[in-house]
Amino acid sequence: MNPSDSLSVSGLRIATRRRPGRWIGAALALLALGFIIRGFALGQIDWSIVGRFLTAPAILAGLVNTVLMTICAMALGLSLGVMFAVMMLSPNPVLRVSARLYIWFFRGTPLLLQLLLWFNLALVFPRLGVPLLGSVRTVDVITPFVATLLGLGINQAAYTAEVVRGGLLAIDRGQAEAALAVGMTRFAALRRIVLPQALRLIIPPVGNEVISMVKLTSVASVIQFSEVLRGVQNIYYANARIIELLIVAAIWYLAVVTLLTLGQTLLERHLRPAA
Amino acid sequence: MIVARGLSKRFGRIQALEGVDLDIAAGEIVCLLGPSGSGKSTLLRCINHLERPDAGAVWIDGDLIGFTREGDRLLERDDRSIARQRRRCGMVFQRFNLWPHLTALQNITEGPIRVLATPRETAEREARALLARVGLAGREGASPAQLSGGQQQRVAIARALAMNPDVLLFDEPTSALDPELVAEVLHVMRDLAATGMTMVVVTHELGFAREVAHRAVFMDAGRIVEAGAASDMLTHPTHPRTQAFIQAVMG
């Protein structure tokens, strides 16, 4: 190639490469989307009913219960989870085995079964009480809310414990050693130095669990906890508009999950250490 | 001041320490030298009970570290009591071990505030002074990730000093540093040495050992092979193992 040739080439415009594969892929995706939209538009769905019930008081009350339960059950799950994670890493073999047993049981049985067990606790223990302090009837204490909270929270803790344990193990041993070297006790080193770092590490997986918890609350509809799904079921038992009301529920779940996803993104950005 | 007698420690099949005796006087600077795996770090970590010896014991100013004597046996102390004993020893680690979720200043004040219950303002004032002393005035708000290795290690030295320890233990303080950052850390250590601080330093910096240390202790396979005045031992080692090591390190 002679120098004048390369000079003239260097002056040419750079054109975008043709990518027919991308065009075909995009066309197929749009086509599929179109079919789905067309199907729902022409199907036997009365959208006006969806609109009417979207903000029905019973459904909004269910929404509040769903959100409230998500918060309470996650709080219970996270605190118990941290406790069991620490127990699993304890030098005390009895604590380690107890935590393992807990996780084995609550991860090894279906959530639905656990909810039913909690809800029917009165069949095993008709009265609950503390010696000397008296007792109460179990059916008065284990309301659908309490049964759901116990079921979801305790089940969640079994999963969260493993996540937290992973987080704790990911923190370099030197971090705790440096804390011990300035005279902290093992417990102080865990609480002040290791746990804060581990918790930061587990925010992405716990965020996912919060999102799945929003949807798990719907399982509690079987034990009469009045969350969103229970709310729409009560209505469609009366008016037989099953699909319309299920769409209402889907819209609310999507709305809550979308907000949570946004919150999670912001939180992660906020916690990312300024490098 | 520090007395170690008959220290032994085994990790699985490796005998890290085998009957080590060592005496360190107040104000003395002792360098522990030797090939990797020779037990220098284990010996250092036994002094503040980060490692529990299998046999033998360490005394600091007559206090038995990590154990209490009950008749003819040694009983390990409880967590709180060991933590209290560790306050007398500051420790500087090879990989700095600064706490990444805290700023440089918070790394230094955490110990005084949480362990000594020093009021926050006092702790922060002292921490600022310590940062200035290690040449990092103005970097109070920096997070460890924003600092170079040399700067992190200097913050770590300030963190150890904040507890007003009687002894400073250095575990290969410059081994994880880029070569051009070693000097700034050694400079801070020289300044410390000049204040009369008792220092035990595990290091491969033979130059530092020769100039600054009063005494050098050469270890191999969990035993002390040779010990003596640092300048003497490093220029005229008597034991063949020491000779070979010094020749290898000096190149």
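Residues numbered from 1 in each chain as written. Chains lettered and ligands numbered in written order. Predicted model: local features only at pLDDT ≥ 70, side-chain atom pairs only at ≥ 80, totals over all residues. Heavy atoms only, no water.

A.B. asks: Help me understand the overall build of chain B in this model?
C.D. replies: Counting its secondary structure elements, chain B contains 9 helices and 12 strands. Here the C-alpha atoms of chain B give a radius of gyration of 18 Å, agreeing with the 18 Å that 2.2 N^0.38 yields for 251 residues. By its C-alpha atoms, chain B is 50 × 50 × 35 Å across when sized along the principal axes. Looking at the 251 residues of chain B, the share that counts as buried comes to 55%. (Helix = DSSP H or I, 4+ residues; strand = E, 2+ residues; numbered from the N terminus. Rg over C-alpha atoms; globule rule 2.2 N^0.38 Å. Buried < 20%, exposed > 50% of the residue type's maximum accessible area, 1.4 Å probe, protein only.)

A.B. asks: Just checking my understanding: could you explain helix 5 (residues 93-108) of chain A for this structure?
C.D. replies: Helical periodicity: at 3.6 residues per turn, an α-helix aligns residues three or four positions apart in one direction. Residues and elements named next belong to chain A. Here helix 5 is 16 residues long and its end C-alpha atoms lie 22 Å apart, about the 22 Å a rise of 1.5 Å per residue gives. Every buried residue of helix 5 is listed here: A99, Y102, I103 and F106. Along the long axis of helix 5, the arc covered by the buried residues comes to 95°, so they all point the same way. Looking at helix 5, the residues exposed on the side facing more than 90 degrees away from the buried face are V94, W104 and G108. Those residues of helix 5 hidden inside the fold are in contact with helix 4 (57-88), helix 6 (111-119) and helix 9 (144-170). Two to three positions downstream of the cap, the backbone nitrogen of V94 sits 3.0 Å from a side-chain oxygen, assigning the N-cap of helix 5 to N92. (Expected span 1.5 Å × (residues − 1). Arc of directions from axis to C-beta. Contact = heavy atoms within 4.5 Å. Polar contact = N/O pair within 3.5 Å; in protein donor to acceptor, adjacent residues only side chain to side chain.)

A.B. asks: How should I be thinking about the interface of chain B and chain A in this particular structure?
C.D. replies: Bring the parts together and some accessible area is lost; that lost area is often taken as the interface size. On the chain A side, the residues contacting the 26 residues of chain B number 22 residues. Summed over the three residues of chain B that lose the most area to chain A, namely D79, W99 and H101 of chain B, the buried surface amounts to 28% of that side. Connecting chain B to chain A are 3 salt bridges. R95 of chain B serves as the salt-bridge partner of D172 of chain A, at 3.7 Å between the closest nitrogen and oxygen. Where chain B touches chain A, the interface holds 8 residue pairs in polar contact (both at pLDDT 80 or more). Elements represented by at least two residues in the side of chain B that touches chain A include exactly helix 2 (79-86), strand 8 (89-92) and helix 3 (104-115) of chain B. Of the residues belonging to the side of chain B that touches chain A, the class tally is 11 nonpolar, 6 polar and 9 charged. (Buried area = accessible area lost by both parts, 1.4 Å probe. Salt bridge = Lys/Arg side-chain N within 4 Å of Asp/Glu carboxyl O. Nonpolar A, V, L, I, M, F, W, Y, C, P; charged D, E, K, R; others polar.)

A.B. asks: Any chance you could explain a nonpolar patch on the surface here in plain terms?
C.D. replies: Residues and elements named next belong to chain A. A cluster of nonpolar side chains, namely V97, L101, W104, F105, L113 and L117, defines an oily patch on the protein surface of about 620 Å² accessible area. When residues of the nonpolar patch are traced back to their parent elements, those giving at least two are helix 5 and helix 6. The greatest single-element share of the nonpolar patch, amounting to 4 residues, is contributed by helix 5. Residue class for F105 comes out partly exposed when judged on its relative accessible area of 35%. (Patch = residues over 30% accessible without salt bridge, like charges linked within 9 Å, V, L, I, M, F, W, Y side chains within 5 Å. Areas by Shrake-Rupley, 256 points an atom, 1.4 Å probe, with all protein chains shown as cover.)

A.B. asks: Whenever I open this one, helix 2 (residues 20-42) of chain A confuses me. Can you help?
C.D. replies: With 23 residues, helix 2 of chain A extends 33 Å between its outermost C-alpha atoms, agreeing within 8% with the 33 Å of an ideal straight helix rising 1.5 Å per residue. Of all the 23 residues making up helix 2 of chain A, 0 are buried; the element is thus mostly uncovered.

A.B. asks: Any chance you could explain the sheet that holds strand 2 (residues 14-24) of chain B here in plain terms?
C.D. replies: Backbone hydrogen bonds hold the strands of a sheet together, and the pairing may be parallel or antiparallel. All names here are of chain B. Strand order in the open sheet formed by 4 strands is 2-1-4-5, and the pairing between neighbours is antiparallel. Among the strands making up the open sheet, the edge pair consists of strand 2 and strand 5 (63-64). Judged from the 2 bridges that link them, strand 4 (residues 55-60) and strand 5 form a sheet pairing that is antiparallel. Bridging from a neighbouring strand, W59 pairs with L64 of strand 5. Packed onto the sheet, helix 1 (residues 40-47) meets strand 1 (2-11), strand 2 and strand 4 and runs at close to 60° relative to strand 2. (Pairing = 2+ DSSP bridges. Axes fitted to C-alpha atoms, helices over the stretch in contact; angles between N-to-C directions.)

A.B. asks: What is the right way to look at the sheet that holds strand 11 (residues 215-220) of chain B in this model?
C.D. replies: Residues and elements named next belong to chain B. The 6 strands lie next to each other as 8-9-10-3-11-12, forming an open sheet whose pairing is mixed. In the strand order of this sheet, the two ends are held by strand 8 and strand 12 (223-229), each with one partner. Direction aside, neighbouring strands of the sheet carry axes that sit 15° apart on average. Here strand 9 (residues 167-171) pairs with strand 10 (residues 198-202) via 5 bridges, running parallel. Bridge assignment links L169 to a residue of strand 10, and that residue is V200.

A.B. asks: Just checking my understanding: could you explain the nonpolar core for this structure?
C.D. replies: Soluble globular proteins: nonpolar side chains tend toward being buried together. Core analysis: the biggest nonpolar cluster contains 49 residues, and L33, I157, F170, M189 and M199 of chain B have the highest contact counts within it. The leading source of residues in this core is helix 6 (residues 179-194) of chain B, at 8 residues. Ranked by size, the runner-up nonpolar core spans 38 residues in total, among them V182 and M184 of chain A together with I65 and F93 of chain B. (Core = buried A, V, L, I, M, F, W, Y, C linked by side-chain atoms within 4.5 Å.)

A.B. asks: Any chance you could explain the pairing of strand 4 of chain B here in plain terms?
C.D. replies: Regular strands place side chains that alternate from one sheet face to the opposite one. Residue and element names in this part refer to chain B. Alignment of strand 1 against strand 4, held across 5 bridges, turns out to be antiparallel. In the strand pairing of strand 4, S8 is matched with A55. The hairpin formed by strand 4 and strand 5 contains 2 residues between the paired strands, and D61 there has a positive phi angle of roughly 50°.

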